[in-house]
Each structure stands twice: as C-alpha cells, then as structure tokens.
Amino acid sequence: MSELEWYAYLIFFAAGAMAGIINVLAGNGSAITLSTLILFGISPTIANATNRVGVFVLAVTVLFSIRKSPSTVGLFKRNAWLSIPALVGSGIGAYGATLVSDKMLEYMAIGALALILLSMLLQPGKWGREDRGLRGANKWLTGISILVAGLYAGFIQMGVGIILLASLVLLSKFSFRQANLIKQILVFGLASVPLIVFVFNDMIHWGAGLALAVGQATTGWAVARYALQNPKAQIWIRRLVVVIIIVALLGLLDVHEYLF
C-alpha cells in the first residue's frame, strides 16, 4: 500500500462526511469517496475495496442510531428477511458483471437511472405516498423486487441506494420514508459480504478506509436520528435524490463518450 501525506486523511474524513449524508438520505455517495481515493493515487481496485469500510461502518451506525425508535423497530423486524434476496441477487449480479463489457455496464446504469428520474418527475404521487403501516406490500412482489435490486447492486454497484429506493417505492409500494429506512437494512447486508472478501484478500488501505469510515459515521448518525424519521424532511430528500440522479447521469454520459 502506498504511503500518503497526513493531510490526505483529513480530506478522506471530509469526503466520508459528505458521502455519509448523501448515502443515508439517498445514495451514490461512493462517487465522492471513490473519486477522492483514486485522486490520491490509490489504484481503482484497492479504492473499491477500501471504500467498503466506510459503507459498512455507516450501515452499522445508522442501524444502531435508529434501532430503538418506535416507528422503525416493527418495520425493521418485519422486513429484515429482505436481506436474503438482496444477498442472493448481488451474488448472481457480481458473477454476471464478469461476463459483459464495460460499455454494457455503462448502458445499463444510464438506462436504470434515467427511468427512475422520469418516474420521479412524471409520477411524483407514487414517491410521495403516505406510510402504509407495517403491512407494507405483497411479500412475493417485495422479495422479487429486492432480488432484482440486488442483481443491480452486484452487477453495477453505482447508485445502489437509489435503485433500492425505486424498487421499494414503485414495486413494493412502501412510502418513501419507509423505503429509506428499510434500505438501511439491505445496505448493511450488501456491504458485509464484499468487505469480508476484500479483507481476506488483503485489498484494503486501512488508514484511508478508517478515515472515510469516521467521516461517514459522524454525519450518518445525525442524519439517521433526525432526517430519516422526520416526515417533513422527506420532500427535501426526494428532491436531493433527483439532483443526485442528474449528476450521476451527467457523469455516466461523460464516461460513455470515452467508451467509443
């Protein structure tokens, strides 16, 4: 692993703090952390592995910070089983990613995010529905939708939080607030298995990873405690998702130009 200047860790902390806010509220904070790691000379493969430290710690922090909230305990217990299809889907998706070209991955990411953006702009009512209580939607439909989201997570990874939100809101018909809370369970599962693999393969730059993790945990705790459970904050979070999708699409279209 390369040696880094002391100030690099401060920048990693700041990048982690920004990503923590974005990941809890919407998703795609990894665009910030991965770019920062690579900017300081860490190879893309090591950066990808190192980034999982922050993702995992953030997921643990969020779950711990809201574990006793009356509005989420029942929701979590009832939907914890969704981690199973998420993990199965991500495993299959990761294998599938080894069989296709980078160009195909970029096309799929652009298409998926574009469809979600159109839904948010043209069908805002579906994203602004009220909580349906703990019954949620049909279990089979919910399981299948999360399996598909897991496939995407393993296949592409970028914007996984947004894909999970879309699956839970549009197909499983949870409210945006419920979907964002359930997403935290699934992200924990999706972050755990890759982290174990990368640790055993000695692919993590621990100094950088821990700096990211501390930054993400610091902001993630506060955001999870207040914004996620505040119904009045949900409209602003949905607007943030729209902005993040647009930025992600612009970035992907930039990358797409270099694929030819």
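Novice: Sorry, what's going on with the overall build of the protein chain here?
Specialist: A tally of helices and strands in the protein chain yields twelve helices and zero strands. When each of the 260 residues of the protein chain is scored for burial, the buried share is 50%. A separation threshold of at least 6 residues defines the contact pool for the protein chain, and within that pool the share at least 24 residues apart is 82%. About 12600 Å² of surface is accessible on the protein chain, with carbon and sulfur atoms providing 71% of the total.

Novice: I'm lost on helix α10 (residues 176-200) in this one. Help?
Specialist: Because an α-helix packs 3.6 residues into every turn, residues spaced three or four apart end up facing the same way. With 25 residues, α10 should cover 36 Å at 1.5 Å per step; its first-to-last C-alpha distance of 37 Å lies within 8% of that length. Near the N-terminus of α10, the side chain that reaches the backbone nitrogen of Gln178, with its oxygen 3.1 Å away, is that of Ser175. Looking one or two residues beyond α10, the residue adopting positive phi is Asp202, at roughly 50 degrees.

Novice: Teacher, can you tell me more about unusual backbone geometry here?
Specialist: Trans is the prevailing form of peptide bonds, just as negative phi is the prevailing case for residues other than glycine. Phi at Asp202 takes a positive value of approximately 50 degrees, unusual for a residue other than glycine. Looking at the element boundaries, Asp202 is found in the loop between α10 and α11 (206-226). We classify Asp202 as exposed; its relative accessible area is 59%.

Novice: Sorry, what's going on with the nonpolar core here?
Specialist: A general feature of soluble globular proteins is that nonpolar side chains tend to end up buried together. By size, the foremost hydrophobic cluster in this structure holds 46 residues, and its most contacted members are Val241 and Ile245. Of the residues forming this core, the biggest block, eight residues, is contributed by helix α9 (residues 160-171). Excluding anything up to four places from it in sequence, Ile245 contacts Leu113, Ile116, Leu117, Met120 and Ile162. Formed by eleven residues, the second largest nonpolar core is a distinct cluster that contains Ala8, Ala15, Ala47 and Leu212.

Novice: Explain the confidence of the model for the protein chain here, please?
Specialist: Close reading of the predicted structure is inappropriate where its pLDDT is low. Here the protein chain averages 77 in pLDDT, and 78% of its residues register 70 or above. Within the model, pLDDT remains below 50 along residues 255-260, and this stretch shows eight contacts once partners closer than five positions in the same chain are excluded.

Novice: Before we go on, may I ask you to explain the packing of helix α1 (residues 6-25) against helix α2 (residues 30-39) in this structure?
Specialist: Running from amino to carboxyl end, α1 crosses α2 at an angle of 160 degrees, the nearest separation of the two axes being 8 Å. Classified by the angle between their axes, α1 and α2 sit roughly antiparallel to one another. Here α1 runs over α2; the crossing is left-handed. Taking contact as the criterion, the partners of Ile11, Phe12, Ala15, Gly16, Met18, Ala19, Ile22 and Asn23 in α1 are, on α2, Ser30, Ile32, Thr33, Thr36 and Leu37.

Novice: Would you explain the environment of Ala80 in this entry?
Specialist: Within the element layout of this structure, Ala80 appears in the loop between α4 (70-79) and α5 (83-97). For Ala80, a relative accessible area of 37% translates into the label partly exposed. Placed 106 residues apart in sequence, Ala80 and Leu186 show a C-alpha to C-alpha distance of 8.0 Å.

Novice: Got a minute to help me understand the side chain of Ser83 in this structure?
Specialist: Looking at the element boundaries, Ser83 is found in helix α5. Leaving out residues up to four positions away in the same chain, Ser83 has contacts with Ile185 and Leu186.

Novice: Which parts of the structure should I look at to understand α1?
Specialist: With 20 residues, α1 should cover 28 Å at 1.5 Å per step; its first-to-last C-alpha distance of 30 Å lies within 8% of that length. Of the positions making up α1, those classed as buried are Ala8, Phe12, Ala15, Gly16, Ala17, Ala19, Gly20, Ile22, Asn23, Val24 and Leu25. Just downstream of α1 lies Gly27, where phi reads positive at about 155 degrees.

Here is what the cut-offs are and how they apply
Residues numbered from 1 in each chain as written. Predicted model: local features only at pLDDT ≥ 70, side-chain atom pairs only at ≥ 80, totals over all residues. Heavy atoms only, no water. Helix = DSSP H or I, 4+ residues; strand = E, 2+ residues; numbered from the N terminus. Buried < 20%, exposed > 50% of the residue type's maximum accessible area, 1.4 Å probe, protein only. Contact = heavy atoms within 4.5 Å. Areas by Shrake-Rupley, 256 points an atom, 1.4 Å probe, with all protein chains shown as cover. Expected span 1.5 Å × (residues − 1). Polar contact = N/O pair within 3.5 Å; in protein donor to acceptor, adjacent residues only side chain to side chain. Core = buried A, V, L, I, M, F, W, Y, C linked by side-chain atoms within 4.5 Å. pLDDT = per-residue confidence, 0-100. Axes fitted to C-alpha atoms, helices over the stretch in contact; angles between N-to-C directions. Parallel < 35°, antiparallel > 145°, perpendicular 65-115°, else oblique. Left-handed = near helix turned anticlockwise from the far one by under 90°.

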